[in-house]
Each structure stands twice: as C-alpha cells, then as structure tokens.
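Observations on the model geometry
One-letter residues, chain by chain:
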Amino acid sequence: MTRLAQILARIVFVAMIVAAVGVGGAAGWLVVRYGRNLPNHEELLSYVPPTGTKVYAADGSFMAEFASEHRIVTPIAQIPPLVIHAFLAAEDRGFFSHGGVNPFSIMRAAIADIVRFRRGERPLGASTITQQLVRHFMLTNAVSVSRKIKEALLSYRIEHYLSKDRILEIYLNEIYLGDGAYGVAAAADAYFHKPLDQLTPAEAALLAALPKAPHSYNPLRDPAAAKVRRDWVLTGMAEMGWLSAAEAKAAIAEPIRLAPPPGAAGTDADAYFVEAVRRELIARFGQKRVYQGGLVVHTSYNPADQAMAERAFRGGLAAYDRRHGWRGPVAHYPTAGAAAAALSGTADPPGIGDWQLAAVVAIDRGGAEILTKYGDRGRIPFNQLLWARHTAADQRLGPPVRRVADVVRPGDIVLVERLPAAVGSRSLHRMAAVPVYGLRQIPNVGGGMVVMDPNSGHVLALVGGWDFRQSQFDRGTQAMRQPGSAIKPFVYLTAMEDNFTPSSIVEDTPIEIDQGPGLPKWRPVNYEDTFVGPTTLRQALVHSRNLATARLATMIGLPAIARTVEQFGIMDKMPLYYSMALGAGDTTVLRLTTAYAMLDNGGHWLRSSLIDLVQDRNGRILYQSGANYCVTCYIAAGPRSAADAGSSYQASPLPPGTVSYLPGASYAPDAMLYRPNKADPLADPIADYQIISMMEGVVQHGTGTAVAAVGKPLAGKTGTSSNWNDAWFVGFSPNLAAGVFVGFDEPRTLGNGEAGGQVAAPIFRDFMQQALSNVPATPFPVPPDAVIVRVDRISGQPATADDPNTVLEAFRPGTEPGSDTDAAAPPSDDEMATTTDATSGDDAVPIPVQAEPAAGTGGLY
C-alpha cells in the first residue's frame, strides 16, 4: 500500500469517527431535547378499550347497546391469523422484526416524498403499527419533524414495555374502520354480519384496506376504490406467503359482497323499554360510564309479554280511533296516475306495521280500486268505508257515509290493511277475484301501558305510545295525568284500615264541601247525575259512586288518605283537597300500576324496576334490584347517589363477605343494593284483601265488566278524568298486574262517553286474555285471620246461599255483621228501596277544582 493510500485511509477513518460522533451527538441532542416532555406512555400500557353498555332481556336475548364507539373487544388469541396477516400486509409487513420504527420504510418513503414534494402532494407515511398507536393515543396527526421524532422515541419505548401481541391486540381493537365500527370484530359484524373466524380472505383483506382512509375506501360509499385497495392487500398477502397465488387470484376475482343494512320497516317493540333503561342508567352511573364503561345490564323485559301488550294496545287505540271518524288521506294528487307514480317515493309513516300505502285509482258504487306500494291491485269494499265518517270538533262524528266519494277519491294515497280472505269483486270492467283491503289510519290519540310482576315489582313490558319512531315521549313512565276514579281503591283502603268494612253504609246523596275562604263550595256529582242514597262501601266502589266517595273522604280525613297515597308511591306529596279523593292529582301509569301491584302483593311495598342487575366489564355486580334475593344486604344506609335520593329503597354499602345471588359473580366495591325503608306491610292484610275482593266486584258487576270476558279471577278499577280527557284501567290477576292509560298528549276530550271502561278496559282485557290463556284460574289468597261471611252484596247483611246477590265477604274478627263492633248498620226499608244494583256507565265526577290549580279546572269522571 502506498503512503498516499495510507494517508487517505486514515483521513477516511477519522472522518468516519467524527461523523459517528456527530451523528451520535445529534441523536443524543434530539433525545434530550424531545425526550424531556414526551407524553406519559402509561395510558397505553394500562389501556382498556372503551366499550358500550349491552342490555339483555330476562330470557337472555340481546336488546340494545349504548356506545359512543361500536366495539367488540376480542383478545389476540381469538383473532384468526388470516385477519392478522391481512392487516400486516396492508400496514406493517415487518412488524415482528422491527423495534417500533422501520428505517427501511422511512428511507423508501423519503425518496418517494422528494417527488411528491415537487408536485405539492402530502408526504407518504411510513409509520409502523406501533407508531400509529402512539400517534392515536399520545400525539396528533400534525405533519411536522418534531412530531415524527417524538413518535419514534415513544414507539421504541412502547416496544420495550409491551409485547408484539399486546401491541397488535390494542391496534386491532382500537382502530376505526368506518360505518361506526371500531376494531376488527365490530367491522366484521357491521359489513358482513359475521364473526371473525368466518371471514373469507377477500373479506379480511377488505377490512385491512380501510385503516388508511376509512371514508375514501368505504365499500358502501365507493365500492370501486375499495376493491382496488382490497386487491392490493391480497397481492401483498401472497407476496408475504400468507396466501398462495391461487388463493389470492380467486379472492381478487370475487366482487365485494356486503351484508344488507338492518331493515327500517316494522316496529321496535322494545324501544320504549330500552330508552327508559338508558335514562335510568345515565342517572345512576353517568353518561361516560354508560357509553364507554363496558357495562352489562340484565333487565326484566319479557318479549312475549311485550308482544301481547303491543298487540292489545295498538288494537285498542285503532278501535277507539275508528269510532271517531276519518281525518283524510295521507296525500292527494290531481290524478290517479300521478298518485300511482308518486307511491314508490312516498315514505311509510312510522308504526304502520302490517299496513301499507296504496293509491286510489278508481271508485264505483261498490268500493274503491287501489294499487298498493308493492304493486298489488286490490279493492276496498264500501262496507269497509262505513266507519270513515268525517271527524268533527270534540271527537264528534260528521254525517253517515252514503257513497264512496264521501271518503276517498282517485288520486288519494291512503293506508290499507289486507283482510284475511279475498272475495269476488266486480270492477268497472270485469268480474275478477281480487284481494280485499280495509281502510286504515294511524291514531292521533296516545297512551301508555305497563305490565308488572306483582311479586317482585319487575316491569315485564312497557308501551309508551303507538310507535317510538313517531314519538319518543314515553306515556307509560313520563306522562303525568289525572287518574280519575282509579285512585279510589286507596281511599277505600284507608277506610278499611279505619274500622270500616265493605258492608259499612255511606250516603250517596248530594254533598257540598267548604274548600276554604274565598273559594266556592265543592259539589261533586255522579256519572249518571243521579244518586242512590244509603249504599255499602262495596257497592260505592264497584259502581264508582262519587258522592259516596266524597262523603267517605270527609269521614276519614284528607291527611289519612294522603298518607296512603304517598306510602303507595302514587304521588310524592298529595295536596290536601277533597278533589284528590276522586283523582284530581297527577301520576304516571308506572306509579299507579306499581301501587296496584302492591295491593296484589298483600300490601307489601314494591320498588318497580326495569333493571335487575348491572355488572362492570369484569363481571362484578354494580347494582342489584330486589334486595330480597340477598338477605345479607338488608342493612341501613343513606342514598348513595342523587338518582336514589327520592327512592323508597335505600342504596346500601356492602357488609364484609357479602355473596351475590348470581352464581360465580362478586360485588364491586361501589355496588348499590336496595332494601325497603318503609313500614312493611303498608296495609293490614285483611284490609288489603277486602279491597281486592271489592275490585273483583268492579270487574264482575261494575264499571269494568268489559274485563269479565277473560274468565279468570281479576281485580281492577276504571278511571276517567274531567271532560273524558283521560281513560284508565288498572288491575291484576294473582300473579300479573297491568295498567292502561289513553289520552291525547295535549289534554282534550276523548269524546262524550269515552270513559275508562269503554276505552282502556278493553285493552287490559285483550292483553290478559292472551297472557292468561294457559294459566290456571287461581283465586286471590285469603288472609288466614279473616272472618268470611256470606252477605248480600247490595245490603251488606248476612244472606243465605240461595240468595242470587251474595258474596263471600272478608272481615276483621269482631267487625262482621251482627258482631258487637259491627261497623255496618243495616239500612232501613226506605233506604233499601232507593238502592239499585244497576251497572253504572263509569266513574263520572264532574267537580270544579278551583282549590288546586294543578288539578285542572273541570271535573273528574
């Protein structure tokens, strides 16, 4: 080697040393400068994916998910290699060989970026999966040198603390893949309705194509661009040896096939129940925990009971609506052809169920020819139009229908329902057998219904209106309405506990009550605007005698009635006005049904509940309703949250060693359990049974006889507010309770005579006929200490077995007729001469309620 060569070699060596020192120094300077204020990486090390709350019915079926990000968390061990390889081929082929940053990818991207920079284009990315996680959790998407340096430093740090499998698991569960799906499992469900282990190579590659630009490559938005990107992923999988060339070629040849989106037709039967659950969860746990905390909620929802309640409720509303006439077509066009052409573009009104839109294309004397939205031709016979009289003010009816044109005309778009059988129909041009339809319209009246287990307080079904998509306002739990005479059982219960009996006599005669200084006298009247004179309390309740009830209220006092109403949870604070005894206060269907369920439960307190159990993401119990399942939890404590402050159960901390009734589950440290904090029972068992027996009489002989057709032991009470604004029926069998309310959202008359027995009772009846169809007839249990006496149900006096008007009446020992403490004085012959046993129309209470503004200005019925 020449001397010159040696000198050059030394110069090169020294230069290399200097360069290495310079590079090292520069690297050290960068580490010191950018490493001092790096974000805390502990967030990623302790990562728990935000998952929504899943809600389940009593039978274990899935109901709903409340989530800000739809995600199905899947451990890495359960993600198939096919899916992992697809994402590695798309995002980071050297994932298992680099230490967080891939220098070769950076160099390749840098060379390409020189050309892209000259074109004014955004630089290419060379981020590894680790870098993508760092950027997602700890940095921003800002394009800058400092961000890239911090990203690289954090990536090396993360690779030191987390395994490759853990990094990949976080990535595949966190990444957004479009269509509201976060993570690969949620995306597989959203796009294909499949679990991960059933994906084909083409489907897995399509998911892997999305992280780069979920919007641009969304197969729903741009299937062509999505296919190009998918095929590139498949090619990459073949290049890496994760697919054979033949498998890749076959997958590339496949078109993109997506599962159809969920249908919008039909009615979401559980929507009101789910929304009520959501509101309660947020009030109890807060919105963030509900939408991101991974809670699991078990409810008392019974799909079978809900279906029966929906069917009965919708049938009852439709029947009422048809009694009050026709409000006109959905739309009208100048000609039949225009209507037929517009039909396909006309949106279905919410809640039409099995009904469908149709265009009226011709009419004749015998009916109307129609074309349905589905292209079927049919006919509405004239007899199916007779109900459709014009609706006038105050729900009155216009003149009778005398011709088809009084109801429909060519060019109308209407709702129709196909009737069970096609019949022969003569059209204008030919004789043909065509399908026959009935004219329909969506009721504009509202209402609510609650079905409950009276042994536990569990709400089994909830109907909040005709259809949730039409109105989200829940008339079962949110509407505050006047119950009318449906409040009376609790007035009479108060009397029974004050040594009155069903045979006690009270005057059903005109009465006026002083309401206080400056206020007019209160003069209630009966529904029939008549009075019957002396009557037993049984008869007064059975026939809903308002004069007798008002007089009874003066005898037992408003404070005592208020205590009963408040103890049973009907109102938080009952105003001390006598009109309250006839139902002038406001309550909800849920509250009143719960109170009736307590009567059915022997007078024991019940806490109505839609939610049975709430578990955290680790399966620990956070909330348990019905503390009777956990005897060790009966401990005293104050409310643990604002949501429970007004509860009649107390949220209690857990004593050491508390064991859950749910096998294998444990309680979280902040779990909430409940015990009653009211006296139990709320009512004397014999008094409670007396009221049940009297309400059986309501069904058999009184204002609720529409319910008697069920043919099973049932007790209940009708209720109608002033001007027929609200119609109620609440009742129960020994093991099932239900309450029904019908009324307009903006209170106005339902129509003259549309009382609870006419409007709400048939809905209750139709539900119970279905629900109890396979249930043996079981009588209500009689308290063992009760004295049973056969009495005349009109006079209340002892009777013989051959008397057709007898009833087996329960008495407290010593209060039965003929005893020394008999509270039921026998009426005189003259008094009995005025007593009738006619079934009253309903519970009419026209009373001016000036004393309490919240109760309205009219009377109660």
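Look up a bit, the structure's there.
Residues numbered from 1 in each chain as written. Predicted model: local features only at pLDDT ≥ 70, side-chain atom pairs only at ≥ 80, totals over all residues. Heavy atoms only, no water.

**Some details on the overall build of the protein**
As a reminder of what qualifies: Strands here mean DSSP runs of E at least two residues long; helices mean DSSP runs of H or I at least four residues long; both are numbered from the N terminus. Categorising residues by exposure relies on relative accessible area from a 1.4 Å probe, with only protein chains included: less than 20% of the type maximum marks a residue as buried, more than 50% marks it as exposed, and the intermediate range marks it as partly exposed. Throughout, a residue-residue contact means that at least one pair of heavy atoms, one from each residue, lies within 4.5 Å. All accessible areas in this document rest on Shrake-Rupley with a 1.4 Å probe, and a residue is counted as covered only by the protein chains that are shown.
For the protein, the helix and strand inventory stands at 24 helices and 26 strands. Here the protein, with 861 residues, has 53% of them falling under the buried criterion. Partitioning the contacts of the protein with sequence separation of at least 6, the portion at a separation of at least 24 is 70%. As presented, the protein carries roughly 37300 Å² of accessible surface, and 56% of it is formed by carbon and sulfur atoms.

**Examining the environment of V542**
Residue position: V542 is located in helix α17 (residues 537-542). Exposure remark for V542: the relative accessible area of 2% places this residue in the buried category. Remark: the alpha-carbon pair of V542 and G704, spanning 162 residues in sequence, is separated by 8.5 Å.

**Notes on helix α20 (residues 589-600)**
The test is simple: The length a helix should cover is 1.5 Å for every residue beyond the first.
For α20, built from twelve residues, the straight-helix expectation of 16 Å at 1.5 Å per residue is met to within 8% by its first-to-last C-alpha distance of 16 Å. The element α20 is largely enclosed, with a buried count of eleven among its twelve residues. Within the span of α20, buried status applies to V589, L590, L592, T593, T594, A595, Y596, A597, M598, L599 and D600. Looking at the residues trailing α20, positive phi occurs at G602, about 80°.

**Looking at the sheet that holds strand β22 (residues 715-720)**
What counts, and what does not: Any two strands with at least two DSSP bridges between them are considered paired. Every angle, taken between N-to-C directions, lies between 0 and 180 degrees, and every axis is a line fitted to C-alpha atoms, over only the stretch in contact when it is a helix.
In spatial order, the strands read β15-β14-β24-β23-β22; together these five strands make up an open sheet with antiparallel pairing. Of all the strands in the sheet, the pair left with one neighbour each is β15 (459-463) and β22. Averaged over all neighbouring strand pairs, the angle between strand axes comes to 5°, with direction disregarded. By the bridge criterion, six bridges tie β22 to strand β23 (residues 726-733) in an arrangement that is antiparallel. Note that in β23 the partner of A715 across the bridge is F732. Those strands touched by helix α14 (residues 303-323) are β14 (446-452), β15 and β24 (736-743), and its axis lies near 30° from that of β15.

**Description of the packing of helix α16 (residues 488-496) against helix α21 (residues 685-701)**
As a reminder of what qualifies: By the definition adopted for this analysis, an angle is roughly parallel if under 35 degrees, roughly antiparallel if over 145, roughly perpendicular if from 65 to 115, and oblique otherwise. Working rule for handedness: look at the near helix, and if it is turned counterclockwise from the far one by less than a right angle, call the crossing left-handed; if clockwise, right-handed.
The geometry of α16 relative to α21 is characterised by a closest axis approach of 9 Å and an angle of 140° between their N-to-C directions. By the angle between their axes, α16 is oblique relative to α21. Judged by the twist between their axes, the crossing of α16 over α21 is right-handed. Residues P489, Y492, L493 and M496 of α16 form the contact with α21, whose participating residues are A687, D688, Q690, I691, M694 and M695.

**Observations regarding a nonpolar patch on the surface**
For the record, the criterion: The patches described consist of residues with a relative accessible area above 30% and no salt bridge, like charges being joined within 9 Å and nonpolar side chains (Val, Leu, Ile, Met, Phe, Trp, Tyr) within 5 Å. A carboxyl oxygen of Asp or Glu within 4 Å of a side-chain nitrogen of Lys or Arg is what we treat as a salt bridge.
Residues V782, I788 and L808 make up a contiguous nonpolar surface patch of roughly 240 Å² in combined accessible area. In this structure, L808 sits in strand β26 (residues 806-811). When its relative accessible area of 46% is taken as the criterion, L808 is described as partly exposed.

**As for the pattern of salt bridges**
Applying the stated criterion across every chain yields a total of 31 salt bridges. A salt bridge links D231 to R230; the nearest nitrogen and oxygen atoms lie 2.9 Å apart. Between D726 and R481 there is a salt bridge, with its nearest N and O atoms 2.6 Å apart. With D726 in strand β23 and R481 in the loop between β15 and α16, the pair connects residues that are 245 residues apart, well separated along the chain. We classify R481 as buried; its relative accessible area is 8%. Bridged by salt links that share partners, the residues E275, R278, R279 and D474 form one connected network.

**Quick word on the environment of W326**
So the rule is basically this: The term polar contact refers here to a pair of N or O atoms within 3.5 Å; inside protein, the definition further demands a hydrogen-donor-capable atom paired with an acceptor-capable atom, and it admits residues adjacent in sequence only when both atoms are side-chain atoms.
Assignment of secondary structure puts W326 in the loop between α14 and β6 (331-332). On the basis of relative accessible area, W326 is assigned to the buried category, the value being 7%. Along the sequence, W326 and W387 sit 61 residues apart, while their C-alpha atoms lie 7.7 Å from each other. Dropping the residues within four chain positions of it, W326 is found in contact with W387, A388, R389, H390, T391, V407, V414, L439, R440 and Q441. Here the side chain of W326 touches V407 through a polar contact of 3.3 Å, landing on its backbone oxygen.

**Notes on helix α9 (residues 201-208)**
Of all eight residues in α9, seven are buried, a share of seventy percent or more. By the burial criterion, the buried members of α9 are A202, E203, A204, A205, L206, L207 and A208. Those residues of α9 that are buried are in contact with α3 (81-91), α8 (184-192), α10 (223-239) and α11 (245-253).

**Describing the packing of aromatic side chains**
The criterion, for reference: Two aromatic rings from Phe, Tyr or Trp, using only the six-membered ring of Trp, form a pair when their centres are within 6.5 Å; if the ring planes differ by under 30 degrees the pair is stacked, by over 60 it is edge-to-face, and anything between is tilted.
Applying the stated rule across the entire model yields 15 aromatic pairs. For the pair Y176 and Y182, a centre-to-centre distance of 4.7 Å together with 45° between the ring planes defines the contact as tilted. Look at W728 and F741: their rings are 5.4 Å apart centre to centre, the planes differ by 45°, and that puts the pair in the tilted class. Taken together, the positions of W728 in strand β23 and F741 in strand β24 put the pair 13 residues apart, joining distant regions of the chain. Just as W728 is buried, F741 falls in that class too. Three or more aromatic residues joined by ring pairs form one cluster here, namely F490, F568, Y596, F732 and F780.

Purely geometric numbers; function is a separate question.
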